[in-house]
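Topology and contacts: notes
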Amino acid sequence: MDSCKKDTPAAAPCGRYRARGPRLGATLAAAIALAAASARAESGDFTEMALEDLMDVEITALSRYPEDVQDAPAAVSVLSRSDIRRAGATTIPDALRLVPGVQVAQVGAGSWAVSARGFNAATANKLLVMIDGRSIYSPFFSGTVWDRHDLVLDNVERIEVVRGPGGAVWGANAVNGVINIITRDSAATDGSYARLTSGTGENAIAELRHGGAIGRGTARVSAKARRRRGGDAVDGRPLDDTWTMGSLSFRADTPLAGGELTLSGGARRSETDTRVDLFDPATAGVRTETGSNDTTAGHLNGRWRYRLPSGGRVQLRGIYDHTALASAFGDIDRNRLDLRGQHRVATRGRHSLIWGLRFRTIHESVGETPSQRMRDDTRITTRLSGFVQDTISLTDRLDLILGSKLSRNTYTGLDVQPNARVSWRVAPDHTLWGSVSRAVRTPSRVEVDGILRFATNATVPGPTGAPLPVVPVIRGTDDVDASSLIAYEAGYRGRPLPGTRLAVSAFHNDHDDVIGARRIDTQVAASPARARFVSVFTNNLSATSTGVEVEANWQATERLRLTSSYSFIDLDVDGRGPTGGLQAGAIEGRTPDHQGTLRSHWRVLDDLRLDTTLRATDELPAAGVSADVQLDARLAWEVAPGTQLELTGRNLLDAETTEFRTVQFPDFGGATVERSVFASIEARF
Amino acid sequence: MRCRAPPPVRSLRRRAAGRTRCAAVAGAVLAGAGASAEAASLDAVKAGFVFNFTKFVSWPAREDEAGQVRLCFERGSISPEAYRELDGKTVRGTTVHTRTVKGAAGELGACDLAVFAAGTPPAASVRRAADRNGVLLIGNGLGFARGGGHIALMRRGDKLRFRVNLRALRRAGLEVRSGLLRLAEEVIRTGDG
């Protein structure tokens, strides 16, 4: 707890020691007494609480409070810095497990399959992920490679997860949701910080940070290095799966030209070991190669905000990033430039308008290997888009939000993504909302340009009767169109009972023109002799999904809070063509029908906290993964002001579990997840 | 029912032992379980925030009114029952004094800190009075902070957060310790102030 740092005035009571009221102990019997303690939590006691604890208090009757953070008419979950810490998460995907409707499956020491509302795969491509507005998905296969974006988690202010299409404001590809990781202002991270973690699994993590004033503003520099060992291969073969990474980053916030400039950037290197089955050109069969995916990346992100005399606000952003990946499948070298501006017009009458423009260009070179090549090694793609959104106050309780995005991209031309939302404050503590939106996912480069060759051990009898190795080949074509989605959503957010909070959202999605593969030809080729099963990427799949997501919390006593989440999804995929049905089954069977978490946060003593998370996931029949229940627990003890010791256990219920199996290209392995126990020491000084 | 708190003790074990005794005394009352949620009223928590802000802000030295920090609450900002809990508390050797004001610029000369009711930016006359007299302006909403108020409280879900307009605060001759900025949701360096 920071409230008892050296900068607290000496004469004032340090928040931990209170002059009145019982401070209840750690014994189990005290659990009953906790209830008694809460009985005398009358108004006076809050004046003795430390600031950090006050920020944790859930307040009743807050709806009448003049609101600035508008209740979004959407299925939004926010993970605060404290939520992330208390879950014992050491990576962003681990923290995302707490959000209903988001599927997270670890497939390797540094690899995860993360998706929202179905369609999970290691190359899950319907979720837009951003850090401070910088998109971190790889346009090569339109998915997020998580290992290369590992941040100092103490630098994260919050993670906002919007399930459902955020199409109107953010980029295309936000078909099933948007995750925005927001980092803290550098003024909030001044001073020095160090955190060391070590244990089984998490072999070592070292995080360092220093911040302070610079000119008229503030800045910080952070460094992180980690090494993590994964489990064995899901098929039982031994696997030496290790993830190592190192990064250096900075952030500066300063007034500039009458506005505020935030500049951030960083450089990092990440290596994950892989063992992949590649196409062997000599035998047309399988060659197993152990190697690694090595990423070197750097970025610069500048944002300038300015308040207009009329009351409106302007924001300009420029982002440049460079990524170089060396892997067994091939090398990718990519440079990306993203420029955007938006203008929030001062409210006029009932209307609050916001509009923006964005220009993005990507220069990407892909090196050829026997497993893949692009029709052109190097390609430059550009996208120009604009959006407009109007929030109309129909009455003082009813808001209507209309918006649309228009974008033009290299692959598929013009896309329109309109949406309409309604937010209705039915009663002071209850809000209902509904929305209809259209979102679009543009094809990835692989789906348009790529020629992929897979390795199998299968054979078919050839023309002479001798068995020929089967080589599946998939080609991208210019005919591939964007896939689209119409989403119907509705939800409730409010406080049904004192001390509780509930958010429920329901959705029905109609996915059209989902990209799959269709077999067009079977050829016999020579040197080496083989049977080529040629398919093309095509929009031969469609899907509907219906589901519900629930989040609830209950401040049971002053020191104990319970949080739970649950999601259900019924995903129905249809495929046209000879293999369409198989592909559809593979997608459906990798989405769990049910998921849930139950968390408890217990402030045992003023300086001792115990947090536990119980996680349950339904089976993934197409991946051969059975239903699973897992338990994480974390004990944190503030030994001295600014210094904290933690003991965390993850996946405590099983020595080893399989969370996913990938059969897609590229195959990021597929390793089990092991039970891990680790200790951390953290100091702020 | 209250238990006297044990004196601050570093050893976890001794502290736990002291509290167990206390817990045994308080043990039977289960019915109180629901009461805490009820009692977390907005005004009580806001009063807690305001008191904490006084611990992190330092005012320019003043010859008159030494030994006192004067908190003024505009009618409608926080209920008197909530803020009167602060009367008589000490902050860095000075004693807290609370009173109700109408919120006009003219009254600010007699205040070290003023809490406003509305969410609109502070009037220019109020900002000038704050700059002249070194008054910490606390209000609600982003508009308050961006419009020259010093600290604005706002809602995020069911919890309160706050933002600091550092430039406006420094223009009034005040300084704020880094510990407060660390917890602020946003630190504003520009805008009116």
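Residues numbered from 1 in each chain as written. Chains lettered and ligands numbered in written order. Predicted model: local features only at pLDDT ≥ 70, side-chain atom pairs only at ≥ 80, totals over all residues. Heavy atoms only, no water.

**Concerning the overall build of chain A**
Applied cut-off: A run of H or I in DSSP counts as a helix once it spans at least four residues, and a run of E counts as a strand once it spans at least two, with each numbered from the N terminus. In what follows, a contact means two residues having at least one pair of non-hydrogen atoms within 4.5 Å. Note on areas: these come from Shrake-Rupley sampling with a 1.4 Å probe, and a residue is covered only by the protein chains present in the view.
Looking only at helices and strands, one finds 6 helices and 37 strands in chain A. Looking at chain A alone, contacts between residues at least 24 apart form 63% of all its contacts between residues at least 6 apart. If you sum the accessible surface of chain A, you get close to 25100 Å²; carbon and sulfur atoms cover 59% of it.

**Some details on the overall build of chain B**
Stated formally: For every residue, the accessible area obtained with a 1.4 Å probe (protein chains only) is divided by the maximum for its type, and the residue is called buried under 20%, exposed over 50%, and partly exposed between those limits.
When its secondary structure is counted, chain B shows 8 helices and 10 strands. For chain B, with 193 residues in total, the buried portion stands at 56%. Of the contacts made within chain B by residues no fewer than 6 positions apart, 56% connect residues no fewer than 24 positions apart. Accessible surface, chain B as shown: approximately 7600 Å² in total, 53% of it carbon and sulfur.

**What about the environment of A:G212?**
Mapped onto the elements of the fold, A:G212 is located in strand β11 (residues 204–214). When residues no more than four places from it in sequence are discounted, the contact partners of A:G212 are A:D190, A:G217, A:T218 and A:A219.

**Points about the sheet that holds strand β4 (residues 127–131) of chain A**
All names here are of chain A. To keep it simple, the criterion reads: The pairing criterion for strands is at least two bridges between them, as found by DSSP.
Taken in spatial order, the 5 strands of this open sheet run β1-β8-β9-β4-β5, and their pairing is mixed. Only two strands of the sheet have a single neighbouring strand rather than two, namely β1 (75–80) and β5 (134–135). With 6 bridges joining them, β1 and strand β8 (residues 156–163) adopt antiparallel strand pairing. Within β8, the residue paired with S80 across the bridge is R158.

**Thoughts on the pattern of salt bridges**
All names here are of chain A. As a reminder, the rule being used: When a carboxyl oxygen of Asp or Glu lies within 4 Å of a side-chain nitrogen of Lys or Arg, that pair is called a salt bridge.
One pass over the structure, following the stated rule, counts 57 salt bridges over all chains. The partner of E260 in a salt bridge is R305, and the shortest N-O contact between them spans 3.9 Å. Of this pair, E260 sits in strand β14 (residues 259–280) while R305 is found in strand β15 (residues 285–307), placing the two residues 45 residues apart along the sequence. The class of R305 is partly exposed, set by a relative accessible area of 21%. Among the ionic pairs, D338 bridges to R340, the shortest N-O distance being 3.2 Å.

**Comments concerning the environment of B:W59**
Residue and element names in this part refer to chain B. Stated formally: Between N or O atoms, a polar contact is any pair within 3.5 Å; within protein, one atom must be a potential hydrogen donor and the other a potential acceptor, and residues adjacent in sequence are included only when both atoms are from side chains.
Checked against the element boundaries, W59 lands in the loop between β1 (57–58) and β2 (68–74). Distance in space between the C-alpha atoms of W59 and E74 is 20 Å, their sequence separation being 15 residues. If near-sequence neighbours (up to four positions away) are discounted, W59 is found in contact with T54, V69, R92, D112, L113, G134, L136 and L174. At 3.3 Å, the side chain of W59 and the backbone oxygen of G134 are in polar contact.

**Side note on unusual backbone geometry**
Glycine aside, the phi torsion of most residues is negative, and most peptide linkages are trans. Even without being a glycine, A:A284 presents a positive backbone phi close to 60°. Summarising the element assignment, A:A284 is placed in the loop between β14 and β15.

**Examining the pairing of strand β23 (residues 430–441) of chain A**
Residue and element names in this part refer to chain A. Pairing of strand β22 (residues 413–427) with β23, which is carried by 8 bridges, proceeds in the antiparallel orientation. Bridged to A420 within β23 is V436. Two successive antiparallel strands, β22 and β23, enclose a turn made up of 2 residues. Relative to strand β27 (residues 483–494), β23 is paired through 12 bridges, and the arrangement is antiparallel.

**Digging into the packing of aromatic side chains**
Note on aromatic pairs: each is described by the distance of the centres and the angle between the planes. Which entries qualify depends on this criterion: Any Phe, Tyr or Trp ring, taking Trp's six-membered ring, that has another such ring centre within 6.5 Å forms a pair; planes under 30 degrees apart are called stacked, those over 60 apart edge-to-face, and the others tilted. Remark: a charge is flagged as sitting over a ring if the NZ atom of Lys or the CZ atom of Arg is within 6 Å of the ring centre and within 35 degrees of the ring normal.
Taken as a whole and assessed by the stated rule, the structure comprises 7 aromatic pairs over all chains. Aromatic pair A:W112 and A:W243: ring centres 5.9 Å apart, planes at 80°, arrangement edge-to-face. Of the two residues, A:W112 sits in strand β3 (residues 111–116) while A:W243 sits in strand β13 (residues 242–256), which places them 131 residues apart along the sequence. Residue class for A:W243 comes out buried when judged on its relative accessible area of 0%. Taken together, a centroid distance of 4.1 Å and an interplanar angle of 5° make the contact between B:F73 and B:Y83 stacked. Separated by 10 residues along the polypeptide, B:F73 in strand β2 and B:Y83 in helix α4 (residues 80–83) bring together distant segments of the chain. Owing to a relative accessible area of 2%, B:Y83 belongs among the buried residues under this scheme. Taken together through their ring pairs, the aromatic side chains of B:F49, B:F53 and B:F162 make up a single cluster. Of note, A:R209 hangs over the ring of A:Y193, and the distance from its end group to the ring centre comes to 4.5 Å.

**Section: the environment of A:S352**
All names here are of chain A. Structurally, S352 is set in strand β18 (residues 351–366). The exposure class of S352 is partly exposed, given its relative accessible area of 26%. Distance in space between the C-alpha atoms of S352 and I392 is 6.5 Å, their sequence separation being 40 residues.

**As for the nonpolar core**
The condition is simple: Residues grouped as a nonpolar core are buried Ala, Val, Leu, Ile, Met, Phe, Trp, Tyr and Cys residues, joined through side-chain atoms within 4.5 Å.
Grouped together as the largest cluster of nonpolar side chains are 46 residues, with contacts concentrated most on A:L51, B:F49, B:F53, B:L136, B:F162 and B:L180. The element contributing the most residues to this core is helix α3 (residues 42–56) of chain B, with 9 residues. Those residues in contact with B:F53 that lie beyond four places of it in its chain are A:L51, B:I138, B:I151, B:L153, B:F162 and B:L180. Of all hydrophobic cores here, the second largest spans 29 residues; its members include A:V99, A:V129, A:I179 and A:W243.

**Digging into the sheet that holds strand β6 (residues 136–140) of chain B**
All names here are of chain B. For clarity, the cut-off: Helix axes use the C-alpha atoms of the stretch in contact, all axes being lines fitted to C-alpha atoms, and the angles between their N-to-C directions lie in the range 0 to 180 degrees.
Spatial ordering of the open sheet is given by β3-β4-β2-β5-β6-β7-β8-β10, a layout of 8 strands whose pairing is mixed. In this open sheet, the two edge strands, each paired with only one partner strand, are β3 (90–91) and β10 (186–188). Sheet topology places strand β7 (residues 151–156) next to strand β8 (residues 159–165); 6 bridges connect them, and they run antiparallel. What sits directly across from R156, in β8, is K159. Along the sheet, α3 contacts β2, β3, β4 (94–101), β5 (113–115), β6, β7 and β8; its crossing angle with β8, the most-contacted strand, is approximately 35°.

**Remarks on the confidence of the model for chain A**
Do not read the fine detail of predicted coordinates wherever pLDDT is low. Residues and elements named next belong to chain A. Quick reminder of the rule: A score from 0 to 100, pLDDT tells how confident the predictor is in each residue.
Of all residues in chain A, 87% have pLDDT values of 70 or greater, and the mean over the chain is 83. Between the elements of chain A, mean pLDDT differs from a low of 35, seen in helix α1 (residues 30–39), to a high of 95, seen in strand β10 (residues 191–199). Segment residues 1–44: pLDDT under 50, and 115 contacts once partners within four positions in sequence are set aside and those in other chains are kept. Low pLDDT, under 50, characterises residues 61–70; the stretch is placed with 33 contacts to residues that sit more than four places away or in other chains.

**Overview of helix α5 (residues 124–133) of chain B**
Residues and elements named next belong to chain B. Note the following rule: Read the arc as the range of directions from the helix axis to the C-beta atoms.
Those residues of α5 that fall on the buried side of the exposure criterion are V126, A129 and A130. Angular distribution of buried residues about the axis of α5 spans 100°; they occupy a single face of the element. Exposed and facing more than 90 degrees away from the buried side of α5 are R128 and R132. On its buried side, α5 packs onto β6. Note on α5: the residue one or two positions beyond its end, G134, has a positive phi of about 65°.

**A short note on the pairing of β4(B)**
Residue and element names in this part refer to chain B. Examined bridge by bridge, β2 and β4 share 7 bridges and lie parallel to one another. Residue Q68 lies in a different strand from β4, and its bridge partner there is T95. In this sheet, β4 lies alongside β3 in antiparallel orientation, the contact comprising 2 bridges. Following the sheet pairing, T90 is matched in β4 by T95. Between β3 and β4, which pair antiparallel one after the other, the connecting turn spans 2 residues, and R92 there sits at a positive phi close to 50°.

**Some thoughts on a negative patch on the surface**
Rule in force here: Like-charged residues are merged into a patch within 9 Å and nonpolar side chains (Val, Leu, Ile, Met, Phe, Trp, Tyr) within 5 Å, provided each residue has over 30% relative accessible area and no salt bridge. In this charge count, Lys and Arg are treated as positive and Asp and Glu as negative; neither His nor the chain ends contribute. Working definition for charges: the position is that of NZ of Lys, CZ of Arg, CG of Asp or CD of Glu.
Taken together, the side chains of A:D570, A:D572, A:D574, A:D593 and A:E619 define an acidic patch exposed on the protein surface. You can call A:E619 partly exposed: its relative accessible area is 41%.

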